[in-house]
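So the chains spell out like this:
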Amino acid sequence: IDRLQRRRLLKRAKETARMREVEIRAQLAEKESERKSKELDEARDLQLSMLPKELPQVPNLDIAVYMQTATEVGGDYYDFHIGLDGTLTVVLGDATGHGMKAGTMVTSTKSLFNVLAPNPNIVETFHEITRCLKLMQMNKPSMCMTMLKIMGNKIQMSAAGMPPVYIYKRESQSIEEHLIKGMPLGTFNNFPYSVVESNIESGDTILLMTDGFPELLNDKNEMFGYKRARNLFEDLVDESPEDIISKLKTAGSDWVNGNDPDDDVTFVVIKVK
């Protein structure tokens, strides 16, 4: 009876110790999860703090922006710079991947843009960003980017692995679609990026977007698509930039049945007054 009682007590003690160990591990896992969540929140706050606090005030332009990240730390990025001569430089970027690596790429690109934005030569700016990113040796992350320079009624644009730039021309009531091919920044030195020029007049509207919007997938695994995105934009060109973005957001949300997107979604809409 004594041996049986001892075995029972030993078994009970072992079970109590095992449950205590499980409880301690759960507490440690919870604390670690809270720590990581706090770090991600701080990283997200840092990333959002680097986006423009106010949109540039240009007399003949009305500008609106929107960004929704798919994870705590997104890889999309937009920014503006007004030069001493009044030139407005607009960038829309999309870092490869998600999470902290993408956030680090956004941080690096933001710093480089602050220095290089005044350069009137877009291709030189792309080459310099690539050179600097390669020096950082961040293990293959890269940045897709569209850059515009608006000078009065003239616009220059180039792109590095981004969706088309859509420009609605009110006079002809048609949309110019500029698909400018180029490798993402940070991949190849001295890539021969091309620059496209166009004119903009009162009533014209420019749409920039990252691929997260046209590549939204619905419940049937069907992609929203670039053609549908273009047609929707064409239907909305008489709206204000804020209303255009609002209706693009609604269309995207309806397409995915209210679910969160798998990729970051960002829009920049510019209307000429």
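Every value quoted in this text rests on a predicted model; they were computed, and no experiment measured them.

Caption draft 1: Just the packing of aromatic side chains, in detail. Counted by the stated rule, this structure contains 8 aromatic pairs. A ring pair is formed by F191 and Y193, whose centres lie 4.8 Å apart and whose planes are at 55°; its orientation type is tilted. Take F191: its relative accessible area is 23%, and that puts it in the partly exposed class. Judged by centre distance (5.5 Å) and plane angle (85°), the rings of F224 and W255 are edge-to-face.

Caption draft 2: Fine view of the environment of R230. Within the element layout of this structure, R230 appears in helix α4 (residues 226–236). Remark: the alpha-carbon pair of R230 and Y166, spanning 64 residues in sequence, is separated by 7.6 Å. R230 has contacts with Y166, I175 and E177, leaving out every residue within four places of it along the chain.

Caption draft 3: Looking closely at the sheet that holds strand β7 (residues 174–178). Taken in spatial order, the 5 strands line up as β1-β10-β9-β6-β7 in an open sheet, and their pairing is antiparallel. In this open sheet, the two strands that pair with only one neighbour each are β1 (61–68) and β7. Taking each pair of neighbouring strands and ignoring which way they run, the sheet shows an average axis angle of 15°. Summarising the sheet, strand β6 (residues 165–169) and strand β9 (residues 205–209) pair through 3 bridges and their orientation is antiparallel. Across the sheet, the residue bridging to Y166 is L207, located in β9. Across the sheet, helix α5 (residues 241–255) lies against β1, β9 and β10 (265–272), angled at about 25° from β1, the strand it touches most.

Caption draft 4: Quick peek at unusual backbone geometry. In this structure, N190 takes a positive phi of about 55° despite not being glycine. Along the chain, the position of N190 falls in the loop between β7 and β8 (196–199). Since its relative accessible area comes to 60%, N190 is described here as exposed.

Caption draft 5: Main features of the pattern of salt bridges. Across all of its chains, the model carries 9 salt bridges by this definition. Residue R6 pairs with D2 through a salt bridge whose shortest N-O separation is 3.2 Å. Of this pair, R6 and D2 are both found in helix α1 (residues 2–49), 4 residues apart, which corresponds to roughly one turn of the helix. The exposure class assigned to R6 is exposed, which follows from its relative accessible area of 59%. Residue D79 pairs with K110 through a salt bridge whose shortest N-O separation is 2.8 Å.

Caption draft 6: Inspection of the pairing of β9 at higher detail. Of all the 5 residues making up β9, 5 are buried; the element is thus mostly covered by neighbouring parts of the structure. Judged by which residues are buried, β9 turns out to be covered on both faces: T205, L207 and M209 on one side and I206 and L208 on the other are all buried. With 5 bridges joining them, β9 and β10 adopt antiparallel strand pairing. Considered in β10, the bridge of I206 is made with I270.

Caption draft 7: Region of the structure containing α5. Taking 1.5 Å of rise per residue, the 15 residues of α5 would be expected to cover 21 Å, and the 21 Å separating its terminal C-alpha atoms lies within 8% of that figure. Within α5 the residues assigned to the buried category are P241, I244, I245, L248, A251, G252 and W255. For α5, the arc enclosing every buried residue in end-on projection is 125°, short of the 170-degree limit, so these residues lie on one face. For α5, the secondary structure elements touched by its buried residues are β1, β9, α4 and β10. Remark: N257 follows α5 within two positions and exhibits a positive phi of approximately 60°.

Conventions and cut-offs
- Residues numbered from 1 in each chain as written.
- Predicted model: local features only at pLDDT ≥ 70, side-chain atom pairs only at ≥ 80, totals over all residues.
- Heavy atoms only, no water.
- Phe/Tyr/Trp six-rings, centres within 6.5 Å; stacked < 30°, edge-to-face > 60°.
- Buried < 20%, exposed > 50% of the residue type's maximum accessible area, 1.4 Å probe, protein only.
- Helix = DSSP H or I, 4+ residues; strand = E, 2+ residues; numbered from the N terminus.
- Contact = heavy atoms within 4.5 Å.
- Pairing = 2+ DSSP bridges.
- Axes fitted to C-alpha atoms, helices over the stretch in contact; angles between N-to-C directions.
- Salt bridge = Lys/Arg side-chain N within 4 Å of Asp/Glu carboxyl O.
- Expected span 1.5 Å × (residues − 1).
- Arc of directions from axis to C-beta.

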